[in-house]
Amino acid sequence: MSETGPQKTMTPSWPSLFKWICFYPVLLHWGGFILITQIYFSCAPTIQSPQNTRFLELRIGQLDPQAGDAGTMVGISRGRRIDDRLWWQLEANYFKSSYTRATTVADEISGGQVITTEQVEVDFSNTILSIFIGFYYEYSLGGRFFYRGTGSLGWEHIVVSEKNYVENVARTRTFDTPGLQISAGLGIGISRSSMIFGDLIYNAAKAKSDYYAYGDGLPVYQQINVSGFGFRVGINFLNFKYF
């Protein structure tokens, strides 16, 4: 974890080395990650030659983590067929939530309209960037209906920002942790090669900072739990040729 103000790290950790060596370059070059993924799916040999060997999925939804308010989550995934029901996939997600605490300082009536003046005291925001690899399962229920489920493991980068205007304090804290995400839902085919869907999702991730000296010199750490339930809707394309 990093926070504005002086801190003394007592013991380095392998997660810290991992995020600096592996995770941050991917995070900072998000476009590079998508490009590399696309090159692989375009050039790698086909696992099976039948039709519909790849998919592209776009989605938007909401997640309600334990730490913080519910917010919007958008995501993209790219997958390849393993057999007639199972696929493996790479996916990336972006989550953002915010909270503002304000008090009313004045009401003004103008032209029959009441105009309220609010004084902002505190602004909070919570951002999660995640990259997962996992499996996607799809089972036909007959006709145009499908059951679908996913299970993925990966890495989550969490940024917590706070601005306290009353105490004149502004700080940003970052956390990194392995994460797990599972989902289950239903899809409806809208053409020969695409379907719309709705999923229930669960995200499991609890991050802890490195130990550092505080107060009387005893080691302390900070922890954030972004586990929670949510939902998403989106569209899934088979053999999408332009991405």
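Every value quoted in this text rests on a predicted model; they were computed, and no experiment measured them.

Analysis parameters
- Residues numbered from 1 in each chain as written.
- Predicted model: local features only at pLDDT ≥ 70, side-chain atom pairs only at ≥ 80, totals over all residues.
- Heavy atoms only, no water.
- Helix = DSSP H or I, 4+ residues; strand = E, 2+ residues; numbered from the N terminus.
- Contact = heavy atoms within 4.5 Å.
- Areas by Shrake-Rupley, 256 points an atom, 1.4 Å probe, with all protein chains shown as cover.
- Core = buried A, V, L, I, M, F, W, Y, C linked by side-chain atoms within 4.5 Å.
- Buried < 20%, exposed > 50% of the residue type's maximum accessible area, 1.4 Å probe, protein only.
- Salt bridge = Lys/Arg side-chain N within 4 Å of Asp/Glu carboxyl O.

Draft legend 1. Expanded view of the overall build of the chain. Helix and strand content of the chain: two helices and 12 strands. Tracing the chain from N to C terminus, the helices and strands come up as α-α-β-β-β-β-β-β-β-β-β-β-β-β. For the chain, contacts bridging at least 24 residues in sequence account for 64% of all contacts bridging at least 6. A total of about 14,000 Å² of accessible surface is found on the chain, and carbon and sulfur atoms cover 61% of it.

Draft legend 2. Fine view of the nonpolar core. In terms of nonpolar packing, the biggest core is built from 12 residues, these being Leu63, Met73, Phe95, Ile128, Ile158, Val160, Phe175, Ile201, Ala205, Ala207, Ile224 and Val226. Apart from residues no more than four positions distant in its own chain, Val160 is found in contact with Ser125, Asn126, Arg171, Thr172, Arg173, Phe175 and Ile224. Within the second largest apolar cluster, six residues are counted, among which are Phe55, Trp87, Phe146 and Met195.

Draft legend 3. Geometry of the pattern of salt bridges. Counting across every chain of the model gives seven salt bridges. A salt bridge links Glu57 to Arg59; its shortest N-O distance comes to 3.0 Å. There is no split in this pair, since Glu57 and Arg59 are both buried. Put simply, Arg59 and Glu91 hold a salt bridge, and the shortest N to O gap is 2.5 Å. With Arg59 in strand β1 (residues 54–65) and Glu91 in strand β3 (residues 86–110), the pair connects residues that are 32 residues apart, well separated along the chain. Glu91 matches Arg59 in its accessibility class, with the two residues each being buried. One network of salt bridges, in which partners are shared, links Glu57, Arg59, Glu91, Arg148, Asp199 and Arg232.

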